[in-house]
Amino acid sequence: MYITINTGNAKTIISGFEDFTITSEIFSDQFTNLPAYENQLQQLITLIKDNTLGKNIEGIGIAHTGDIDKTGEIIEDAAHTPDYNDHNIVQDLREALSPQVIYMTNDSLAASLAEVSFGKAKDYQTVGVVYLYWGIGGAYLKRINQNSYSVFLADIGHQIIEPNGKICSCGQRGCLEAYVSAEAIKKRFLVEQSQLEDVHIWDELTDYMALGASNLFNLFFPEVLILTGETITEVPYVKDHLISKIISQCELTGKNLHVEFSDFSEKGPTYGALALLKIHDGGNTITHIE
Amino acid sequence: MYIAIDIGGTHTRVITFTDLSLESEVSRVKFPTEDKFDKQYEKLVKAITSSTQDKKILGISISQTGLISEDKSLLLDSDFCKDFVNKPMKDMLAKEFDTKVLLENDAVCAGLAELVFGKHTDPSRLAYITVSTGVNGMFIKKLQNNTYQLFSPEFGHIKIKGDGRICQCGKKDCIQSYISGDSLKQYYFQNAESIEDLRIWEKTVEFLAIAAVNFTVMFSPTELVFGGGMIENNQYMREKLQYEITSQLRKKYMPIISISEFSDKVGAYGALALLKLDPTSLVF
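Residues numbered from 1 in each chain as written. Chains lettered and ligands numbered in written order. Predicted model: local features only at pLDDT ≥ 70, side-chain atom pairs only at ≥ 80, totals over all residues. Heavy atoms only, no water.

1. Details of the overall build of chain B
Looking only at helices and strands, one finds nine helices and 13 strands in chain B. The C-alpha atoms of chain B give 18 Å as radius of gyration, which agrees with the globular expectation for 284 residues (19 Å, within 12%). In terms of overall dimensions, chain B has C-alpha extents of about 55 × 45 × 30 Å along its principal axes. Expressed as a percentage of the 284 residues in chain B, the buried residues total 58%. Expressed as a percentage of contacts within chain B between residues at least 6 apart in sequence, the contacts between residues at least 24 apart total 62%. Carbon together with sulfur atoms contributes 48% to the accessible area of chain B, which is approximately 12,000 Å² in total. On chain B, the mean spot of the 34 positive side-chain charges and the mean spot of the 37 negative ones are 3 Å from each other. (Helix = DSSP H or I, 4+ residues; strand = E, 2+ residues; numbered from the N terminus. Rg over C-alpha atoms; globule rule 2.2 N^0.38 Å. Buried < 20%, exposed > 50% of the residue type's maximum accessible area, 1.4 Å probe, protein only. Contact = heavy atoms within 4.5 Å. Areas by Shrake-Rupley, 256 points an atom, 1.4 Å probe, with all protein chains shown as cover. Lys, Arg positive; Asp, Glu negative; His and termini not counted. Charge placed at Lys NZ, Arg CZ, Asp CG, Glu CD.)

Quick look at the structure:
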């Protein structure tokens, strides 16, 4: 059995798979992130033990919000769960659950790996991914061979799109994230994104999203741009207008661009954690350019 | 002899070297870049012939403004040298002078000049931004085994919410439409060097800083080098740029910021760097 842990900015989803296919999912459980690292760790261990019932854990794949250090084991700069920073969650889970292997990566990169392994990017050589929900992530992946990739994590949420704009949680002004993340939407309009119905607001927000996504394209020129995360895939106005707005903003001379919505939405990082296990199991590599 | 050519939107420079070092420079020719390809080619041949005086040419390398084909054989698109697009200049020069000819984008060449000949503290992740007639940028990451990963993005077409200015590419709010010499001329009806109103420069440097911040959060360079006449020849820009970037960018990403020492020779020096580097060491 393979276990995946998807810790986003707000909640954690634990899933179990029989093999390296996404159709082999046998359980999924979730809880709101606990502020203290030790409590979060204990909750993870308890839920995994409850769901695996003593079965052999062949691998654990973790998709975690924030930066991951070079060893791939320590969480850094997780803005929404600061108490998790500098903890070696890989080591702690290894000691508690004795899996055969355990790997961790950033949740945006995991969402990207899901797309190249199981999703709409699996037939492309170069892929850009925009992940937008509570926070914003971006990645550029280049396929080296069938299952090995070089990857470049682009912090697209903190590109400045509005001069002298709103203060972002990172301290900069005018970041994309300060306008279009689910957290920013809630802070600005005092409602969850699912309850925000004003199309004029969504039109403005979609303009910002398109601008941010087109900047990712103009810097990396991927063959395909995959749009994922609940703010993109679960808001009807965004689904109806974002792709055409992105294409209208990209500099396409001498280049081709396909833009697609992900089929995975919030499951993207979970499937990406499974892809991470699959990639390593085949002796393949993920080479970080950054 | 080695010939390094820099074809910019305004001027073309042909520099001759006896070996692959900057110190071996023996001659320099500069002329206005022609609108028509045939005339430009004629001038190039004349400049090379007069510089080499029948000595054996071991290689020619061209730094060209615009989009270069993946196989590095053709100019595919250019805002400033439109008549040069799809013209077989590389093959023509190779045949004319019976030597190898390399062709690369000018921003890539400028980055290579800084990488190979620049004096930088930590060039392991080097970014180069140039602002002159146009705007461009590139990023080089040192990999293992003396290989380099290069990204040559459309830096001039990074977008921010501005006042909706239309760029030469036809889209609106590209950074190039706010800060390039060409766009300043279009918008304020005077050449950049004639603009004395500091409010214009204040806005220009602010937009450049934001574009540099966006480039930095995407690529995380250790060193960020600025070049191009709009920066090198403008004391206000040079002095204000670092302050603007520092005030806009969070500390986590702060690179070492410097101004190129190569001035308007950076493209040609980059062309020489291209001849010096093993082409297989560059991964695009």
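2. Focus on helix H8 (residues 235-248) of chain B
Residue and element names in this part refer to chain B. Its 14 residues place the ends of H8 20 Å apart at the C-alpha level, agreeing with the 20 Å of an ideal helix rising 1.5 Å per residue. Leu-241 marks where H8 bends most, by close to 30 degrees. For H8, the full list of buried residues reads Met-237, Lys-240, Leu-241, Glu-244, Ile-245 and Gln-248. Turning to H8, the residues buried within the fold contact helix H6 (198-219), strand S11 (223-227), helix H7 (229-232) and strand S12 (256-259). In this structure Asn-234 caps H8, since a side-chain oxygen of it lies 3.0 Å from the backbone nitrogen of Tyr-236. (Expected span 1.5 Å × (residues − 1). Bend = angle between axes of the 7 residues up to and from the residue. Polar contact = N/O pair within 3.5 Å; in protein donor to acceptor, adjacent residues only side chain to side chain.)

3. A few points about the sheet that holds strand S8 (residues 125-131) of chain B
All names here are of chain B. One open sheet accounts for six strands, arranged S12-S11-S8-S9-S10-S13; its pairing is mixed. Only two strands of the sheet have a single partner each, and these edge strands are S12 and strand S13 (282-283). Relative to S8, H6 is tilted by about 155 degrees, and along the sheet it contacts S8, strand S9 (135-142), strand S10 (148-151) and S11. (Pairing = 2+ DSSP bridges. Axes fitted to C-alpha atoms, helices over the stretch in contact; angles between N-to-C directions.)

4. Focus: the sheet that holds strand S4 (residues 59-64) of chain B
Residues and elements named next belong to chain B. The strand order across the open sheet built from five strands is S3-S2-S1-S4-S7, with neighbouring strands paired in mixed fashion. Among the strands making up the open sheet, the edge pair consists of strand S3 (25-32) and strand S7 (101-105). Along the sheet, successive strands turn relative to each other by an average axial angle of 15 degrees, direction set aside. When S4 meets S7, the two strands line up parallel, connected through five bridges. Counted as the bridge partner of Ser-61 is Leu-102 from S7. Sheet strands touched by helix H1 (residues 37-52): strand S1 (2-7), strand S2 (11-17), S3 and S4. Its angle to S3, the strand with the most contacts, is close to 160 degrees. Helix-sheet contacts for helix H9 (residues 266-276) involve S1, S2, S3, S4 and S7, and the interaxial angle to S1 is about 135 degrees.

5. Overview of the confidence of the model for chain B
Per-residue pLDDT for chain B has a mean of 92; in total, 100% of the residues score no lower than 70. Here S13(B) stands out as the least confident element of chain B, with mean pLDDT 82; S1(B) is the most confident, with 97. (pLDDT = per-residue confidence, 0-100.)

6. Considering the interface of chain B and chain A
Across the boundary between the two partners, chain B contributes 32 residues, which contact 38 residues of chain A. Both sides together, the interface formed by chain B and chain A hides about 3,100 Å², and carbon and sulfur atoms give 59% of it. Run the count over chain B and chain A and you get twelve residue pairs in polar contact (both at pLDDT 80 or more). Mapped onto the side of chain B that touches chain A, the elements with two or more residues apiece are S9, S10 and H6 of chain B. The leading source of residues in the side of chain B that touches chain A is H6(B), at nine residues. (Buried area = accessible area lost by both parts, 1.4 Å probe.)

7. Remarks on the packing of aromatic side chains
Across all of its chains, the model carries 26 aromatic pairs over all chains by this definition. With a centroid separation of 5.1 Å and an interplanar angle of 80 degrees, the aromatic rings of A:Phe152 and B:Phe151 are classed as edge-to-face. Here A:Phe152 is found in strand S10 (residues 148-154), whereas its partner B:Phe151 is found in strand S10 on a different chain. This pair shows no difference in class: A:Phe152 is buried, exactly as B:Phe151 is. With 5.3 Å between their ring centres and 75 degrees between their planes, A:Phe152 and B:Phe219 make a pair best called edge-to-face. Placement of A:Phe152 in strand S10 and of B:Phe219 in helix H6 is noted, with the two residues assigned to different chains. A:Phe152 gets classed as buried once you look at its relative accessible area, which sits at 1%. (Phe/Tyr/Trp six-rings, centres within 6.5 Å; stacked < 30°, edge-to-face > 60°.)

8. Observations regarding the pattern of salt bridges
One pass over the structure, following the stated rule, counts 19 salt bridges over all chains. Residues participating in the shared-partner salt-bridge network are A:Lys120, A:Glu260 and A:Asp263. (Salt bridge = Lys/Arg side-chain N within 4 Å of Asp/Glu carboxyl O.)

9. Let's talk about the side chain of B:Ser183
Assignment of secondary structure puts B:Ser183 in helix H5 (residues 181-188). Reaching out from B:Ser183, the side chain makes a polar contact with the backbone oxygen of B:Ser177 at a distance of 3.5 Å.

10. Examining the state of the cysteines
Per the counting criterion, the structure on display carries zero disulfides over all chains. Looking at the unpaired A:Cys250, the closest cysteine sulfur is the one in B:Cys174, lying at 10 Å. With no disulfide of its own, B:Cys167 has B:Cys169 as its nearest cysteine by sulfur position, at a separation of 3.8 Å. Classification of B:Cys167 as buried rests on a relative accessible area of 4%. (Disulfide = S-S within 2.5 Å.)

11. What to know about the environment of A:Pro82
Note on placement: A:Pro82 falls in the loop between strand S6 (75-76) and helix H2 (89-97). In this structure, the C-alpha to C-alpha distance between A:Pro82 and A:Gly157, residues 75 residues apart in sequence, is 18 Å.

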